[in-house]
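Breakdown of the fold
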Amino acid sequence: MTEASPYRLVGARPEPEFEMLVDGRPVPVVPGQTVGAALHAAGIRIWRTTRFGERRRGLFCGLGVCFDCLVTVNGEENLRACLTEARPGDEVTTS
Amino acid sequence: MTGHDAAYDLAVVGAGPAGLAAAGVAARAGLRVALLDAGARVGGQYFRQPPDGFHASRPGALHHGYSRFVRLRDGLGDADVLLGHRVWAVEPAAGGGFAVHCLKGGRERATTVAATRLLVATGAHDRVLPFPGWDLPGVMTAGGAQALLKGNLVVAGRRVVVAGTGPFLLPVATSLAAAGARVVGVFEAGGRFALAPRALTRPGKAVEALGYGGRLARHRVPYKGGRAVVAAHGAGELTHVTVARVDAEWRPYRRGHETVRCDTLAIGYGFTPQLDLVAQLGCEIGADAAGGPAVRVDRHMRTSVPGVYAAGETTGVGGADLAELEGAIAGRAVVADARGVPAAGDPAAVRAEVRRRRLAAFADALLRAYPVRDGWTSWLRDDTPICRCEEVPYRRVREARDLGAADARSIKLLARPGMGWCQGRICGEAVARLAGEDPGPPRRPIAQPVRLGDLADMDERTSDDDA
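Residues numbered from 1 in each chain as written. Chains lettered and ligands numbered in written order. Predicted model: local features only at pLDDT ≥ 70, side-chain atom pairs only at ≥ 80, totals over all residues. Heavy atoms only, no water.

1. Description of the overall build of chain A
Counting its regular elements, chain A contains two helices and seven strands. By its C-alpha atoms, chain A is 45 × 30 × 20 Å across when sized along the principal axes. A total of 95 residues make up chain A; the buried ones form 54% of that total. Partitioning the intrachain contacts of chain A with sequence separation of at least 6 by distance along the chain shows that 30% fall at a separation of at least 24. Of the side-chain charges in chain A, 11 are positive and 12 negative, and the distance between the mean point of each set is 9 Å. (Helix = DSSP H or I, 4+ residues; strand = E, 2+ residues; numbered from the N terminus. Buried < 20%, exposed > 50% of the residue type's maximum accessible area, 1.4 Å probe, protein only. Contact = heavy atoms within 4.5 Å. Lys, Arg positive; Asp, Glu negative; His and termini not counted. Charge placed at Lys NZ, Arg CZ, Asp CG, Glu CD.)

Structure, rendered in structure tokens:
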């Protein structure tokens, strides 16, 4: 089977990527992607640790319902990574 | 563009198939319409679109019925489309009509939209059931995996298991496979052919189902019924799942467990309608065909509260076709009510009503064909998290029951499931079922977390003055 990809499937010609900084580390973003999607695409699936059991979390519902994927973006706390569109130069911090 | 005069004839909350159809009908009839959605693009979950930055030449490749979406999107007339608006509360306004309180944009600034009439088309989210390991990274909802793909062109994982119950598992599996994931299995806890006899009553749906079947076969994806993922495993991240053969009540047989290696599990046990806004307004809420909560509407999609309409999954989970039709019916009713004329009468309305009944009957049959069976509770262990937010293990829920908590509300007060960030949206179904109840309507004073300052300012703001 040929190498299938979502880009090939929809015939995407994405604009050049920009970078956001996640805990100081650059992560590429296709314009319009959410913080959570860009993290996933970069192979980062874990970015939060729970208060009590120190369980590791990332995207779960992916629709803004579960609040597992909370991040801080440019100092704004408790934003849902799955809903928040990444912007060039965003500084994302995780907890 | 909202400007200073933000008083609309109709505010539609939710820009999925129902909201798009309603807003289009009302706007084309000359009403001033605001269509609000939390997302960055219209379409809702079903017609979720990738950002323009991808310049997709075949944007319909991931969607069933894409041409319908294009027609809905292009038929919005002069409706104001207010994207990135997360509605956290609606209330009757002092001078009549409704105030729709939103958080706007990436930084979530508060804003309020005023409208004479309100249509709630907020859709549904995946229903999930707890099981050991379900909070491991790599386990996500089927809808979440679909949203990553449709909305961001990101494939959730390399080796993916799709599991749960209901026909939605099929499009999730086929689109993941088409986008390059290795889908190692689709496990349906109910019967694999629970749907089959019913599908014959809707030939279009039977053809659609055959299409998914063919695509699964082409990607060599096994689709097995009477199988459930009863545990997920991994040291800090998902590496494999246990799939059990289950009986008709979803209790695992002693034999027939298999271990399936995967980095991602997409799980879904049907859908839960998002009823926060209709519940806030005091709209009467009844039960759908499977006992789940759904807002009651008359045949013009009017709720029990004058001026408030509902369409789509909020009135009972029924899929995109039914949602679109209900939206159009609601839009016509809003136009008629605004003009003070009867909502029914013309032949088009009669045809719509006949079609709605047919689609609703099929939706009810689906709900009855893919119920959640009680045996899922036998998958739980003492330390299985029930509430992900407050990290409440099954043991504490059982202790609460042993202490005499006989209903979901008492369990919640004693053991705290459902008291965290998500306010029970994820675990509420499970807690209700563990209490032996049918899942009830939500009782949340706000539909999105909001800063206290915005709450304090609420009364002082009636129009959007910072646009």
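2. Focus: the confidence of the model for chain B
Residue and element names in this part refer to chain B. For chain B, per-residue confidence averages 91 on the pLDDT scale, and 94% of positions sit at 70 or higher. pLDDT under 50 marks residues 1-5. Its contacts with residues more than four places away, or in other chains, come to eleven contacts. Within the model, pLDDT remains below 50 along residues 462-467, and this stretch shows 19 contacts once partners closer than five positions in the same chain are excluded. The complex model carries a pTM of 0.93, and its ipTM stands at 0.96. (pLDDT = per-residue confidence, 0-100.)

3. Considering the interface of chain B and chain A
How large an interface is tends to be reported as the accessible area lost when its parts come together. Counting residues at the interface gives 59 residues for chain B and 48 residues for chain A. Carbon and sulfur atoms make up 55% of the surface buried where chain B meets chain A, a total of about 4,600 Å² over both sides. The largest contributions to the chain B side of the interface with chain A come from Phe54, Glu391 and Trp421 of chain B, which together make up 14% of the buried area. Linking chain B with chain A are five salt bridges, by the criterion used here. Here chain B and chain A share 28 residue pairs in polar contact (both at pLDDT 80 or more) between them. (Buried area = accessible area lost by both parts, 1.4 Å probe. Salt bridge = Lys/Arg side-chain N within 4 Å of Asp/Glu carboxyl O. Polar contact = N/O pair within 3.5 Å; in protein donor to acceptor, adjacent residues only side chain to side chain.)

4. A look at the pairing of strand β5 (residues 70-73) of chain A
Residue and element names in this part refer to chain A. Here β5 shows a buried face lined by Leu70 and Thr72 and a second buried face lined by Val71 and Val73. Hairpin remark: β5 followed by strand β6 (residues 76-80), antiparallel, with two residues in the connecting loop; positive phi at asparagine 74, about 50°. In this structure, β5 lies alongside strand β7 (residues 91-93), joined through two bridges in antiparallel fashion. Considered in β7, the bridge of threonine 72 is made with threonine 93. (Pairing = 2+ DSSP bridges.)

5. As for helix α1 (residues 17-28) of chain B
Residue and element names in this part refer to chain B. Taking 1.5 Å per residue as the helical rise, α1 with its twelve residues ought to reach 16 Å, and the 16 Å between its terminal C-alpha atoms agrees with that figure. Of all the twelve residues making up α1, eleven are buried; the element is thus mostly covered by neighbouring parts of the structure. If you check which residues of α1 are buried, you get Pro17, Ala18, Gly19, Leu20, Ala21, Ala22, Ala23, Gly24, Val25, Ala26 and Ala27. Considering only its buried residues, α1 is in contact with β1 (7-13), β2 (33-36), α2 (66-74), β6 (109-120) and α8 (320-339). A positive phi of about 100° marks glycine 30, the residue just after α1. (Expected span 1.5 Å × (residues − 1).)

6. Topic: the nonpolar core
All names here are of chain B. Grouped together as the largest cluster of nonpolar side chains are 56 residues, with contacts concentrated most on Val161, Val241 and Leu265. Element by element, the count of residues in this core is highest for strand β12 (residues 227-233), at four residues. Leucine 265 has contacts with Phe131, Gly138, Val139, Met140, Val161, Ala163, Val229, Leu238 and Val241, leaving out every residue within four places of it along the chain. (Core = buried A, V, L, I, M, F, W, Y, C linked by side-chain atoms within 4.5 Å.)

7. Section: the packing of helix α3 (residues 142-152) of chain B against helix α4 (residues 169-178) of chain B
How two helices pack is summed up by the angle between their axes together with the distance between the axes. Residue and element names in this part refer to chain B. Closest axis-to-axis distance for the α3/α4 pair is 10 Å, and the angle between their directions is 40°. Between α3 and α4 the crossing geometry is left-handed. On α4, the residues touching Ala142, Gln146 and Leu149 of α3 are Pro171, Val172, Ser175 and Leu176. (Axes fitted to C-alpha atoms, helices over the stretch in contact; angles between N-to-C directions. Left-handed = near helix turned anticlockwise from the far one by under 90°.)

8. Re the packing of aromatic side chains
Residues and elements named next belong to chain B. Counting across every chain of the model gives ten aromatic pairs over all chains. Between tyrosine 46 and phenylalanine 47 the ring centres are 4.8 Å apart and the planes differ by 85°, which places this aromatic pair in the edge-to-face class. In this structure tyrosine 46 comes out as partly exposed when scored by relative accessible area, which is 29%. Ring geometry for tryptophan 250 against tyrosine 269: centres 5.5 Å apart, planes inclined by 45°, an arrangement best described as tilted. Of this pair, tryptophan 250 sits in the loop between β13 (240-245) and β14 (258-261) while tyrosine 269 sits in strand β15 (residues 264-269); the two residues are 19 residues apart in sequence, bridging distant segments of the chain. Residue classification places tryptophan 250 among the buried positions, given a relative accessible area of 2%. Of the residues examined, tyrosine 269 reaches a relative accessible area of 0% and is grouped as buried. Taken together, the ring pairs connect Tyr46, Phe47, Tyr66 and Phe69 into an aromatic cluster. Against the face of tryptophan 134 rests arginine 388, its NZ or CZ located 4.8 Å from the ring centre. (Phe/Tyr/Trp six-rings, centres within 6.5 Å; stacked < 30°, edge-to-face > 60°. Lys NZ or Arg CZ within 6 Å of the ring centre and 35° of its normal.)

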